[in-house]
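# Results of the structural survey
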Amino acid sequence: VQLVESGGGLVQPGGSLRLSCAASGFTFSRYIMSWFRQAPGKERELVAAITSAGGITNYADSVKGRVTISRDNAKNTVYLQMNSLRTEDTAVYYCKVWFNEVDYWGKGTLVSVSS
């Protein structure tokens, strides 16, 4: 299993970013995918999750209305569209899959929100 995140960067408050996570090594279309984040000095937290066919999504209260998770099963990729970014969104963002009773994580992509 391999998960590779991309799309992070430095953005001003109010800006937008789209993160991508390219997956391989498992049948992507069969699994729930999740995005987590970890800010400096804080625990890793769930940001959003999406079911295998994309019909159901779930969001942390802190990002509801600003973030959209989506997936393209033909491309084995899950996305996180983030709008109206705030300084408190600064974190390393990770995608995760629970496969064969094991959590697999990517190495993360850094999102920095600062003026």
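Anything mentioned here points back to the structure above.
One structure accompanies this document, and this report is about it. Remember, predicted model here, so these are calculated numbers, not experimental data.

Definitions and limits used
- Residues take numbers from 1 onward in each chain, read along the sequence in its written order.
- For this predicted model, a pLDDT threshold of at least 70 governs which residues receive local features, and a threshold of 80 or more governs which side-chain atom pairs are given and counted, while totals over whole chains, interfaces and linings are taken from all residues.
- The basis for every side-chain value is the complete set of heavy atoms in the structure, and neither hydrogens nor water enter the calculation.
- Note on conventions: DSSP H or I runs of at least 4 residues are helices, E runs of at least 2 residues are strands, and numbering of each starts at the N terminus.
- Exposure categories follow from relative accessible area, calculated using a 1.4 Å probe and restricted to protein chains: below 20% of the type maximum is buried, above 50% is exposed, and the middle band is partly exposed.
- Strand pairing requires that DSSP identify at least two bridges connecting the strands.
- Here the axes come from fitting lines to C-alpha atoms, over the contacting stretch only for helices, and the angles between their N-to-C directions go from 0 to 180 degrees.
- In what follows, salt bridge is the name for a side-chain nitrogen of Lys or Arg lying within 4 Å of a carboxyl oxygen of Asp or Glu.

Phi is positive for serine 84, close to 50°, though the residue is something other than glycine. Take serine 84: it is sitting in the loop between β8 (77-82) and β9 (91-99). Overall, the relative accessible area of 41% leaves serine 84 in the partly exposed class. If you check the backbone angles, asparagine 100 has positive phi at about 50° while not being a glycine.

What follows deals with the environment of valine 111. Note that valine 111 resides in strand β11 (residues 109-113). Spatially, the C-alpha atoms of valine 111 and leucine 17 are 8.5 Å apart, while their sequence positions differ by 94 residues.

Now for the sheet that holds strand β3 (residues 17-24). Sheet architecture is open: four strands sit in the order β1-β3-β8-β7, paired in antiparallel fashion. Either end of the sheet is taken by a strand with one partner, and the two such strands are β1 (2-6) and β7 (67-72). Going from strand to strand, the sheet's axes swing by 15° on average, the running direction of each strand aside. Judged from the five bridges that link them, β1 and β3 form a sheet pairing that is antiparallel. Opposite leucine 3, over in β3, you have alanine 23 as the bridge partner.

Evaluated as defined, the whole model comprises five salt bridges. Between glutamate 45 and arginine 37 there is a salt bridge; the shortest N-O distance is 2.7 Å. Relative accessible area serves as the criterion here: at 35%, glutamate 45 is assigned to the partly exposed category. Residue classification places arginine 37 among the buried residues on the basis of a relative accessible area of 6%. Between aspartate 89 and arginine 37 there is a salt bridge whose closest N-O contact spans 2.9 Å. Of the two residues, aspartate 89 sits in the loop between β8 and β9 while arginine 37 sits in strand β4 (residues 33-38), which places them 52 residues apart along the sequence. One continuous salt-bridge network, built from bridges that share partners, spans Arg37, Glu45, Arg66 and Asp89.

Read these as spatial facts, not as claims about activity.
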